[in-house]
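# A closer look at the structure
As a plain string of letters, each chain reads:
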Amino acid sequence: MIGHPIAHSRSPRLHGHWLRKYGLPGHYVPLDVAPGRLEDVIRLMPEMGFVGANVTIPHKERALEIVDLVTDRATLIGAVNTLIFRKDGKIHGDNTDGYGFLANLRQQVPDWQPDAGPAAILGAGGAARAVLASLLEAGVPEILLTNRTRLRADALREDFGHRVRVVDWVQAGNMLDDAALVVNTTSLGMVGKAELRVPLDGLRRGTVVCDLVYAPLETRLLRVAAEQGATPVDGLGMLLHQAVPGFERWFGMRPEVDETVRAAVLR
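For every chain, the first residue of the written sequence is number 1, and numbering continues from 1 onward in sequence order. Whole-chain, interface and lining totals are the exception, using all residues; otherwise, since this is a predicted model, local features are given only for residues with pLDDT of at least 70 and side-chain atom pairs are given and counted only at 80 or more. Values shown for side chains rest on all heavy atoms present in the structure; no hydrogens or waters enter the calculation.

Attention now moves to the pairing of strand β8 (residues 143–146). When accessible area is computed with a 1.4 Å probe and restricted to protein chains, residues below 20% of their type maximum are described as buried, those above 50% as exposed, and intermediate ones as partly exposed. Secondary structure follows DSSP: runs of H or I at least 4 residues long count as helices, runs of E at least 2 residues long count as strands, and numbering of each begins at the N terminus. Across the two faces of β8 the burial is the same, with Ile143 and Leu145 and Leu144 and Thr146 all buried. Pairs of strands are assigned from DSSP output, requiring at least two bridges between the strands. With four bridges connecting them, strand β7 (residues 119–122) and β8 associate as parallel partners. When the bridges of β8 are listed, alanine 120 appears paired with leucine 144. In this region the chain leaves β7, passes through helix α6 (residues 126–138) and returns to the parallel neighbour β8; the handedness of that crossover is right-handed. For β8 and strand β9 (residues 164–166), the ladder comprises three bridges, and the chain directions are parallel. Bridge pairing in β9 places leucine 144 opposite arginine 165. With the strands aimed away from the viewer, a crossover counts as right-handed if its path from the first strand over the helix to the second runs clockwise. For the segment spanning β8, helix α7 (residues 150–160) and β9, crossover handedness is right-handed.

Structure (structure tokens):
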């Protein structure tokens, strides 16, 4: 795992659990890499015996420029979070965040239907791009998008097209009335960050509410959602599921996301 800083990452626990569970002779280590050294480190890693890496903040966008081959979904999202070092010397870049989001949503809410109605997305950063791309591909008819800085939301609409409708941040609470799915992709509500102050009165029974924040595991958004009869989905599952494709490519074993791995990551 390459990031800066990196000590907070739970990915080493996650991959370490899978390596032990499946008896695989491998290691997954955190590497704190300053932005100016990223390309040097990535180019050197295959010579050091690494078969791949994950990339996190602040390197995801820069990694897209460094890799030799990139998937369509990573290009659309504009960032890379998974590297595969191929035997021919090429570095392959992918983005599994959108896959992880949808896989977690479908595991936690098996009867979720993409065409049930609009999805409301809070935030317009890299995570929002991944969620937005995956929902549009899945068949969600309309995305209601809001961000504290409207210009960023407008930029996403330019990139993703007419199925995205931008709503001013001060009107964010109103857009929840019509949403079948609500997703918080901001850091608001995370430990050490400000609370999400969007009015939540519009959340209705049956609405699926996802928060990508997983520290704490139950945010105020999810607590209020449950109190109002909506269906809460925490953000830890996205972290777990987005790791599956990379682990499979590196170690040749497709790992299972179950309660034991959740417990291992949370301990």
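Now for the sheet that holds β8. Taken in spatial order, the six strands make up an open sheet running β9-β8-β7-β10-β11-β12, and their pairing is parallel. The open sheet is flanked by β9 and β12 (231–233), the only strands paired with a single partner. Here the strands of the sheet are splayed against their neighbours by 20° on average, with no regard to which way each runs. Packed on one face of the sheet, α6 meets β7, β8, β9 and β10 (181–184) and runs near 170° to β7. The contact rule is simple, with two residues in contact once any of their heavy atoms fall within 4.5 Å. Throughout, an axis means a line fitted to C-alpha atoms (over the contacting stretch in the case of helices), and angles, computed between N-to-C directions, take values from 0 to 180 degrees. Relative to β9, α7 is tilted by about 160°, and along the sheet it contacts β8 and β9.

Another aspect to go through is helix α12 (residues 259–266). For α12, the set of buried residues is Val261, Arg262, Ala264 and Val265. Down the axis of α12, the smallest arc covering the buried residues is 160°, so these residues share one side. Those residues of α12 that are buried lie in contact with α1 (11–21) and α10 (236–242). The directions from the helix axis to the C-beta atoms form the arc being described.

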